[in-house]
Amino acid sequence: MKASGAAAASFDSSTIASRLTETVSFGPNPGNLRMLTHVPEMVSSSPALVVVLHGCTQTAAGYDHGSGWSSLADRYGFIVLYAEQQDANNPKRCFNWFQAGDIERDKGEAYSIRQMVEHAIKQHNVDRSRVFVTGLSAGGAMTATMLATYPEVFASGAIIAGLPYRCATSVPEAFECMFQGQTRSAQEWGDLVRNASSHRGPWPKVSVWHGSADATVKPMNAGEIIKQWTNVHGLKPSPSLSETVDGYPHRVWTNASGEDVIEEYVITGMAHGTPLATGDDENSYGAAGPFLLDVGISSSYRIASFWGLTEQADEVSRVRTTSEPVRHAPPTVITGKRPAEDEWAARGATRKPRQGNPNSGMPHMDVGSVITKALKAAGLMK
């Protein structure tokens, strides 16, 4: 069995210098999120854009250091955009993938991320046909949200240890989806995506990653994500190809044109986190830490390859700092925490009202009591 928990020593009490630059004004921001980017010194004249969404308790800088996305961007000449959650929205810095006001088109956090994407496209002359999104855990669930609510924007996405779109619209439902899983028919899952926008195709490609020993988000969620997106694409439930990649099961669904549109990696023996292959070879990126697990396969590299980003661009041009108001993110202190304290979205579900939040007048719910009961039921709190 592959190691399921990499040592977190390299992250404990370490100061990670951020490679990201913050954009302080990018448009409407109803979700009250931060925008940070990494623009390589050399990019193509019309580069691709990769949007990355961190997990709970994580920061953009910390997840970038661990996942290696900015290093991949340096090598292959694309731009990386991180949306970062703030404590005022969720004390655990989880994206609120279970709040209806944040997962619908042109509302809340989903709309803030969409505004960041549009700003980056215009600022850096991004190729609109090559915009991608990926995320871990709560960020994985928010990735599913972005693919469903803005399918015309994203060519493809990668959901790591996440959940199907609209699996939950409340805190209790979020815990149910995470710890028990929710089974629906492929048609029901697909309808949730189709009803999220007026778009009727073509649909984004989807890469799904999950550890078989994940105790935080039940592995069955990966199967439900596959059901959701094979239905949206009109594909048969059975894969077109099953193989082993770097020692792990890999399944692929191909459309009528012979294009690989959905893939799934099951990382056997791995707990909750992003799969990494650290080292010195050309396909190894990132650094192991909490929920960033060195299991011998680089999900970041494999995802970039699935998206077609690992083919070197023929033309590159030097990029200089823009004249827009920016500030560099300060070094981030990343500490290892016990899993019971750390991941996931509903655990930090209380939030402060946002300015202009249309849901701020909704009846109050004793979220803290719900969270405590759910954690005790899950065996994560005494």
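Cut-offs applied
Per chain, the residues get numbers from 1 upward, laid out in the order the sequence is written. Local features in this predicted model are restricted to residues of pLDDT 70 or higher, and side-chain atom pairs are both shown and tallied only at a pLDDT of 80 or more, whereas totals for entire chains, interfaces and linings draw on every residue. Calculation of side-chain values draws on the structure's entire complement of heavy atoms; hydrogens and water are dropped beforehand. In what follows, a disulfide is any cysteine sulfur pair within 2.5 Å. By definition, any uninterrupted DSSP run of H or I lasting at least four residues is a helix, any uninterrupted run of E lasting at least two residues is a strand, and each is numbered from the N terminus. Buried, partly exposed and exposed residues are distinguished by accessible area as a fraction of the type maximum, computed with a 1.4 Å probe on protein chains only: under 20%, between the cut-offs, and over 50%, respectively. For every residue, the predictor states its confidence as a pLDDT score lying anywhere from 0 to 100. Any two residues whose heavy atoms approach within 4.5 Å at even a single point are treated as in contact. Axis definition: a line fitted to C-alpha atoms, over the contacting stretch in the case of helices. Angles run 0 to 180 degrees between N-to-C directions. Roughly parallel means an angle under 35 degrees; roughly antiparallel means over 145; roughly perpendicular covers 65 to 115; every other angle is labelled oblique. In this classification, the charged set is Asp, Glu, Lys and Arg, the nonpolar set is Ala, Val, Leu, Ile, Met, Phe, Trp, Tyr, Cys and Pro, and all remaining amino acids, among them Gly, are polar.

Enquirer: I'd like a description of the state of the cysteines, backed by residues and values.
Expert: This model, assessed by the stated rule, comprises two disulfides. Paired by a disulfide, C56 and C94 hold their sulfur atoms 2.1 Å apart. Its S-S torsion of about 130 degrees marks the bond between C56 and C94 as right-handed, since a negative value means left-handed. Taken together, the positions of C56 in the loop between β5 (49-53) and α1 (60-67) and C94 in the loop between β6 (79-84) and α3 (108-124) put the pair 38 residues apart, joining distant regions of the chain. C56 sits in the buried class, given a relative accessible area of 0%. Judged by relative accessible area, which is 0%, C94 ranks as buried. Between C167 and C177 runs a disulfide, and the two sulfur atoms are separated by 2.1 Å. Judged by the sign of its S-S torsion, about -115 degrees, the cystine formed by C167 and C177 is left-handed. Placement of C167 in the loop between β8 (156-160) and α5 (171-180) and of C177 in helix α5 is noted, with a sequence separation of 10 residues between them.

Enquirer: Got a sec to walk through the confidence of the model for the chain? Specific residues and values, please.
Expert: Of all residues in the chain, 77% have pLDDT values of 70 or greater, and the mean over the chain is 84. Confidence drops under pLDDT 50 across residues 374-382; counting only partners more than four residues distant or on other chains, this segment forms 12 contacts.

Enquirer: I'd like to hear about the packing of α3 against helix α4 (residues 138-149), residue by residue, with values.
Expert: Contact geometry for α3 and α4: axes closest at 10 Å, N-to-C directions at 75 degrees. Here α3 lies roughly perpendicular to α4, going by the angle between them. Listed contacts from α4 to E109, A110, I113 and R114 of α3 are M142, T145, M146 and T149. The residue makeup of the contact of α3 with α4, split by class, is four nonpolar, two polar and two charged.

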